[in-house]
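Chain by chain, the residues:
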Protein chains: 2
Amino acid sequence: MATTRRQLPPRPETAARRREILAAALEIFGAKGYNNGPLAEIAEQVGMTHAGILHHFGSKDRLLVEVLRYRDESDVEGIEGQHIPGGTELFRHLIRTAFANEERPGIVQAYAVLSAESVTDSNPGREYFEDRYRVLRGEVAEAFRAMCAERGVDDPAHVERAATSVLAVMDGLQVQWLLDPTQVELAATSAFAIEAIALQALDPRPSPFDA
Amino acid sequence: MATTRRQLPPRPETAARRREILAAALEIFGAKGYNNGPLAEIAEQVGMTHAGILHHFGSKDRLLVEVLRYRDESDVEGIEGQHIPGGTELFRHLIRTAFANEERPGIVQAYAVLSAESVTDSNPGREYFEDRYRVLRGEVAEAFRAMCAERGVDDPAHVERAATSVLAVMDGLQVQWLLDPTQVELAATSAFAIEAIALQALDPRPSPFDA
DNA sequence: AGTAACTTACAATGCAGTCAGTAAGTAGCA
DNA sequence: TGCTACTTACTGACTGCATTGTAAGTTACT
């Protein structure tokens, strides 16, 4: 048995280099999809060969999950975590995010493409998106419950559905906006829909469709 | 010049055979995505080689656009076209569709995957989805205007946004439902959200987030 | 007789991942 | 401080596989 000193720490520049790769991968995967986005193109963008990327991340699958995590962190201000804003603060934050998103179509496209692609057979990003939606639904629902409590609403019947709907409408609007930005106002429509859903959750009115 | 009778009519069974292929392609593309869904797998499902499929459709790109058109026709009852139901009928139809969709996850997945994939670079389905959303938005907006008129609402300020939101929430819910059907009620949540959006469009209340 | 509806065989890419090798950094030690 | 041993961070070449499209041949309908 040798006195093995195996496993040296990574070099100081390595962390920055990895972030470069993750940013490039987010761009390529966003533009062309995960399946259709070759490692070689990502490599080219950071001045490397595709083998160099595999050296850092092991496989394309693992690169994707790291890209998704990276996107969370680099997201302007992480929605989740932190102080869990009590009442209306989370919703204001969601609407601000929608406004910010109008200035970064690349990120929006990456998210829209990769989340939908994640439902396909044996996609490596699936677990990430399952977890993400579960966490986000929980946080939005919690914010709804806080608002209900503040306003003395006892029976928050539709809190779960409202939370799910808020996230759904934001995602769905992104796809329509990406397809035709001249016809869809991403932020203004997000704000309208979120308000509509919140109002119905906090203070329900009868359905306009029942005869 | 020979008395060429070039171009013989297709044989009687051909139309049915093509439909078989389209159905198989919809299933494969839905399950694995367009880029990741090989022709060979579609061919296998209809008992053919991939060259046989290319004989019928010429290229994979052209197959996709025909698949998308086919999906419209085979959709239980086409939302668009026909009699353009005057008032609340369209919304009831949308909600019924959401209930029907809970029984056919394959179709839902195909739609979710292919619509998101269509925003990627040079995707052959893009034009189809652009057109489709434009048409659907117009029809839903028209239905909103009809409801406003029936109820004597003069200023339908948010009709366009409401129409966009209704479609968006339905699409977004599908993705969440596909990721975790045990946590998301597709139809019930669709109904809740559509009602919330419709109520706010027909009879707006002030935002709960101001002040 | 001619063509539709295929099949088999093949051409041409594109792509992830492996492997051996190289240059440069770092740790331990004299 | 300088030397040695080992590791990281790559490159280039290659393998192997998957995949779309084409071309030529076969069968059977009309």
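Source: prediction; values computed, not measured.

Asker: Explain the protein's contact with DNA strand C to me, and be specific about the residues and the numbers.
Answerer: Near DNA strand C, the surroundings consist of 24 residues, among which His50 and Lys60 of chain A together with Arg11, Thr14 and Thr49 of chain B are the closest. The protein-proximal atoms of DNA strand C, defined as those within 4 Å of the protein, are 65% sugar or phosphate. Contacts to DNA strand C include Arg11 of chain A, whose side-chain N or O atom sits 3.3 Å from a base nitrogen. In the environment of DNA strand C, a base nitrogen lies 2.8 Å from a nitrogen or oxygen atom belonging to the side chain of His50 of chain A. Residue assignment for the surface near DNA strand C shows that the elements contributing at least two residues are α3 (50-57) of chain A together with α1 (14-32) and α3 (50-57) of chain B. The leading source of residues in the surface near DNA strand C is α3 of chain B, at four residues. Class assignment of the residues belonging to the surface near DNA strand C gives a composition of ten nonpolar, nine polar and five charged.

Asker: Residue-level account of the side chain of Thr189 of chain A, with values.
Answerer: Relative to the helices and strands, Thr189 of chain A resides in helix α9 (residues 186-202). A polar contact is formed between the side chain of Thr189 of chain A and the backbone oxygen of Glu185 of chain A, at a distance of 2.5 Å. Setting aside anything within four residues of it in sequence, one finds Thr189 of chain A in contact with Leu173 of chain A together with Arg161, Thr164 and Ser165 of chain B.

Asker: Lay out the domain arrangement of chain A with the relevant residues and their values.
Answerer: Frequently, the measure chosen for interface size is the accessible area removed from exposure when the parts meet. Residues and elements named next belong to chain A. Taken domain by domain, chain A comprises domain 1 (14-72) and domain 2 (78-202). Taking the mean C-alpha position of each, domain 1 and domain 2 sit 27 Å from one another. On the domain 2 side, the residues contacting the 14 residues of domain 1 number 14 residues. In terms of surface lost to domain 2, no three residues of domain 1 exceed Leu68, Arg71 and Asp72, which account for 42% of the buried area on that side. The tally of links between domain 1 and domain 2 comes to one salt bridge. Between Asp72 and Arg132 there is a salt bridge; the shortest N-O distance is 2.5 Å. Linking domain 1 with domain 2 are six residue pairs in polar contact (both at pLDDT 80 or more). Within the residue set of the side of domain 1 that touches domain 2, elements represented by two or more residues are α1 (14-32) and α4 (60-74). Here the side of domain 1 that touches domain 2 gets seven residues from one element, more than from any other, and that element is α4.

Asker: So what's going on with the relation of the copies chain B and chain A? Which residues, and what values?
Answerer: Once turned by 180° and shifted 0.0 Å along the axis, chain B lies on chain A with an RMSD of 0.1 Å. This pairing of chains is accounted for by a two-fold axis. Within chain B, the C-alpha atom positioned nearest to the axis of rotation is that of Val169 of chain B, 2.0 Å from it. Residue by residue, 100% of the interface of chain B is reproduced at the interface of chain A, so both copies engage with the same surface.

Asker: I'd love a proper account of the packing of helix α8 (residues 159-179) of chain A against helix α8 (residues 159-179) of chain B, names of residues and values included.
Answerer: Interaxial distance between α8 of chain A and α8 of chain B falls to 6 Å at its minimum, and their mutual angle equals 110°. Considering their axes alone, α8 of chain A and α8 of chain B lie roughly perpendicular with respect to each other. For the pair α8 of chain A and α8 of chain B, contact is made by Thr164, Ser165, Leu167, Ala168, Val169, Gly172, Leu173 and Gln176 of chain A and by Thr164, Ser165, Leu167, Ala168, Val169, Gly172, Leu173 and Gln176 of chain B, respectively. The class makeup of the residues in the contact of α8 of chain A with α8 of chain B is eight nonpolar, eight polar and no charged.

Procedures and definitions
- Residues numbered from 1 in each chain as written.
- Chains lettered and ligands numbered in written order.
- Predicted model: local features only at pLDDT ≥ 70, side-chain atom pairs only at ≥ 80, totals over all residues.
- Heavy atoms only, no water.
- Near = heavy atom within 4 Å.
- Polar contact = N/O pair within 3.5 Å; in protein donor to acceptor, adjacent residues only side chain to side chain.
- Helix = DSSP H or I, 4+ residues; strand = E, 2+ residues; numbered from the N terminus.
- Nonpolar A, V, L, I, M, F, W, Y, C, P; charged D, E, K, R; others polar.
- Contact = heavy atoms within 4.5 Å.
- Domains from an automatic or database assignment.
- Buried area = accessible area lost by both parts, 1.4 Å probe.
- Salt bridge = Lys/Arg side-chain N within 4 Å of Asp/Glu carboxyl O.
- Least-squares fit on C-alpha atoms with pLDDT ≥ 70 in both.
- Axes fitted to C-alpha atoms, helices over the stretch in contact; angles between N-to-C directions.
- Parallel < 35°, antiparallel > 145°, perpendicular 65-115°, else oblique.

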